[in-house]
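# Remarks on the overall topology
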Amino acid sequence: MRRITRKTWLILGLAALLATGLTLTATKTPFADQLIRVSVDNALSPAIATELHTESIALNRIFLAYSSDEALTLAARRAMLKHPDAARRVLIEHGLDPGFQTALDRFGADAVVPVHYFETSELPLVNARLWAADKASAWSKTFTNWWKDESGDAEPGPVEQDHAANQTEPVSPEARAALAIALLNRQGYRFLDQFVIDQNGTTHWLQGERTLSALSDFFTGGLRGLERKAQGDQAIGGWDIASAGLDVLVVASTVKALRAGAALRTERAAQATRVGTTTERRALLSGAARAVAGSRTVRWAVYGSTVWLVVTHPSLINAIGVNVARLLGWPAWLGQGVLWFIVLLPALWLSSILARLARCILWPVRRLTQARH
């Protein structure tokens, strides 16, 4: 058996000592979370990235998703400065919702106020509105299924049974928040102006403004919608023209009652659009994932970039050690120590070889210099 030299023992001891020191000073953040923080540092400006160091990983993930849109990033940052508590909760819960992103981009930091108010407040009228819309949708679906069934005696399927079982559940805060986002995108500043914040930081929903806005929508919503589409170069349909004409007619008559169901139909269309957008985004993401998984060249590029990222950001080694420790059931410090030892051992060995080569190269130069003197 070959005898271990003093040099080998020295390299092993130095690697173990350095690994222990690095492990004791390392954080216990998992690799995925640490990778998000590193990506935020690279994608955002230093000022914003520094502020996000003390924020949660979920909030860092939202800002990383916004990094390609500077206006959206600045709007989210201003929301955190102006409404810190409300903005953090709303961004984490709804930051990836395309509807909320549209509202945040259009209305800025104050867009989080109505969403947070709807989500955190018990609003009986809003709950009743959502419950009625859900009931109407369920009844419409039941009637459609009954009409398609020739006998009319078919029992409801699993989907209908689950939906019927959920009818007794209370309206969720997420449903109220989704309604606030839909109203914000549809009514704009008229809905946003209904909310004020007092000196104590408490949000109030002005019922007078709400009533006037509802009456305004009821009597002149068609005219405003027609003008908005005309000025925005959008397609104008027959219903838009009819609604505007009906608004003019209702000034001198009571025919306005014919449009009582327009608001519910618009809300359903907004919900369907939001669901369709979310489904499309998920389909695009899954398609991109399949494309990456099916290309060997792209996979090797991803592996290479990950290795380079780890080399340029040593903190990721600590995060990988935490993941390895969790996988093997070890303490986090043990996984980090073993990984650092594995990384440092070949590095120190290579350093010793390079040092010996440097001495061999410099030895003739040194001898020549001494001979001249």
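Residues numbered from 1 in each chain as written. Predicted model: local features only at pLDDT ≥ 70, side-chain atom pairs only at ≥ 80, totals over all residues. Heavy atoms only, no water.

### Focus on a nonpolar patch on the surface
- Together, W349, L350, I353, L354, L357, I361 and L362 give the surface a local cluster of nonpolar side chains, amounting to about 680 Å² of exposed area.
- Tracing the backbone shows W349 in helix α18 (residues 332-372).
- The partly exposed category is assigned to W349, whose relative accessible area is 36%. (Patch = residues over 30% accessible without salt bridge, like charges linked within 9 Å, V, L, I, M, F, W, Y side chains within 5 Å. Areas by Shrake-Rupley, 256 points an atom, 1.4 Å probe, with all protein chains shown as cover. Salt bridge = Lys/Arg side-chain N within 4 Å of Asp/Glu carboxyl O. Helix = DSSP H or I, 4+ residues; strand = E, 2+ residues; numbered from the N terminus. Buried < 20%, exposed > 50% of the residue type's maximum accessible area, 1.4 Å probe, protein only.)

### Observations concerning the packing of helix α2 (residues 31-43) against helix α17 (residues 315-328)
- Packing of α2 against α17 brings their axes to within 8 Å, and their N-to-C directions diverge by 160 degrees. Between α2 and α17, the angle falls in the class roughly antiparallel. Of α17, the residues touching α2 (which contributes F31, A32, Q34, L35 and V38) are S315, L316, A319, I320 and N323.
- In the contact of α2 with α17, the residues fall into seven nonpolar, three polar and no charged. (Axes fitted to C-alpha atoms, helices over the stretch in contact; angles between N-to-C directions. Parallel < 35°, antiparallel > 145°, perpendicular 65-115°, else oblique. Contact = heavy atoms within 4.5 Å. Nonpolar A, V, L, I, M, F, W, Y, C, P; charged D, E, K, R; others polar.)

### Observations concerning the packing of helix α4 (residues 57-66) against helix α5 (residues 70-82)
- In contact at an axis separation of 8 Å, α4 and α5 are set at 150 degrees when each is read in the N-to-C sense. It follows from the interaxial angle that α4 and α5 lie roughly antiparallel. Crossing geometry of α4 relative to α5 is assigned as left-handed. Contacts between α4 and α5 pair L59, F63 and Y66 from the former with L72, T73, A76, R77 and M80 from the latter.
- Residue composition of the contact of α4 with α5, by class: six nonpolar, one polar and one charged. (Left-handed = near helix turned anticlockwise from the far one by under 90°.)

### What about the nonpolar core?
- Counting 43 residues, the largest nonpolar core has F63, Y66, L91, F100, L104, F118 and W205 as the members making the most contacts within it.
- Of the residues forming this core, the biggest block, six residues, is contributed by helix α11 (residues 173-187).
- Once you skip the residues sitting within four places of it in the chain, F63 turns out to touch L44, I48, L52, T73, A76, R77, M80 and L91.
- Judged by nonpolar contacts, the second largest core, of eight residues, contains I11, A15, I317 and L344. (Core = buried A, V, L, I, M, F, W, Y, C linked by side-chain atoms within 4.5 Å.)

### Observations concerning the environment of A87
- Along the chain, A87 falls in helix α6 (residues 84-94).
- Taking the relative accessible area as the measure of exposure, A87 reaches 0% and is therefore buried.
- Measuring from C-alpha to C-alpha, the distance between A87 and V113 comes to 7.9 Å, with 26 residues separating the pair along the chain.
- The contact partners of A87, leaving out residues within four places of it in the chain, are A79, M80 and V112.

### Examining the pattern of salt bridges
- If you walk through the whole model with that rule in mind, you get four salt bridges.
- Notably, a salt bridge pairs R89 with E119, separated by 3.9 Å at the nearest N-O pair. Of the two residues, R89 sits in helix α6 while E119 sits in helix α8 (residues 112-120), which places them 30 residues apart along the sequence.
- Here R89 falls in the partly exposed class, since its relative accessible area comes to 37%.

### Looking at the packing of aromatic side chains
- What the rule picks out here adds up to eight aromatic pairs.
- Residues F191 and F195 carry aromatic rings whose centres are separated by 5.3 Å and whose planes lie at 80 degrees to one another, so their mutual orientation is edge-to-face.
- Between the aromatic rings of F195 and W205, the centroid separation amounts to 5.6 Å while the plane-to-plane angle is 10 degrees, which identifies the pairing as stacked. Of this pair, F195 sits in strand β1 (residues 195-197) while W205 is found in strand β2 (residues 203-205), placing the two residues 10 residues apart along the sequence.
- Residue F195 is classed as buried on the basis of its relative accessible area of 8%.
- Ring pairs connect the aromatic residues Y117, F118, F191, F195 and W205, which therefore count as one cluster. (Phe/Tyr/Trp six-rings, centres within 6.5 Å; stacked < 30°, edge-to-face > 60°.)

### Some remarks on helix α1 (residues 6-24)
- Taking 1.5 Å per residue, 19 residues should reach 27 Å; α1 reaches 27 Å between its end C-alpha atoms and fits that length.
- Of the residues making up α1, those classed as buried are T8, I11, A15, A19 and T23. Down the axis, α1 shows its buried residues gathered within 95 degrees of arc, on one side only. Opposite the packed face of α1, turned more than 90 degrees from it, sit the exposed residues R6, W9, L10, L17 and L24.
- Among the structural elements, α18 are those in contact with the buried residues of α1. (Expected span 1.5 Å × (residues − 1). Arc of directions from axis to C-beta.)

### Overview of the confidence of the model for the protein chain
- Averaged over the protein chain, the pLDDT score is 74; the fraction of residues at 70 or greater is 62%.
- Here residues 158-168 scores under 50 on pLDDT; set against residues more than four positions off or in separate chains, the count is nine contacts.
- Residue range residues 247-261 is modelled with pLDDT below 50. Its contacts to residues more than four positions away, or to other chains, number 20 contacts. (pLDDT = per-residue confidence, 0-100.)

### Thoughts on α4
- Turning to α4, its buried residues number three or more, namely I57, L59, N60, I62, F63 and Y66.
- Residues of α4 that are buried sit in contact with α2, α3 (46-52), α5, α6 and α7 (98-107).

### Focus: the environment of A58
- Within the secondary structure, A58 sits in helix α4.
- With a relative accessible area of 26%, A58 lands in the partly exposed category.
- Separated by 30 residues in the primary sequence, A58 and R88 place their C-alpha atoms 9.6 Å from one another.

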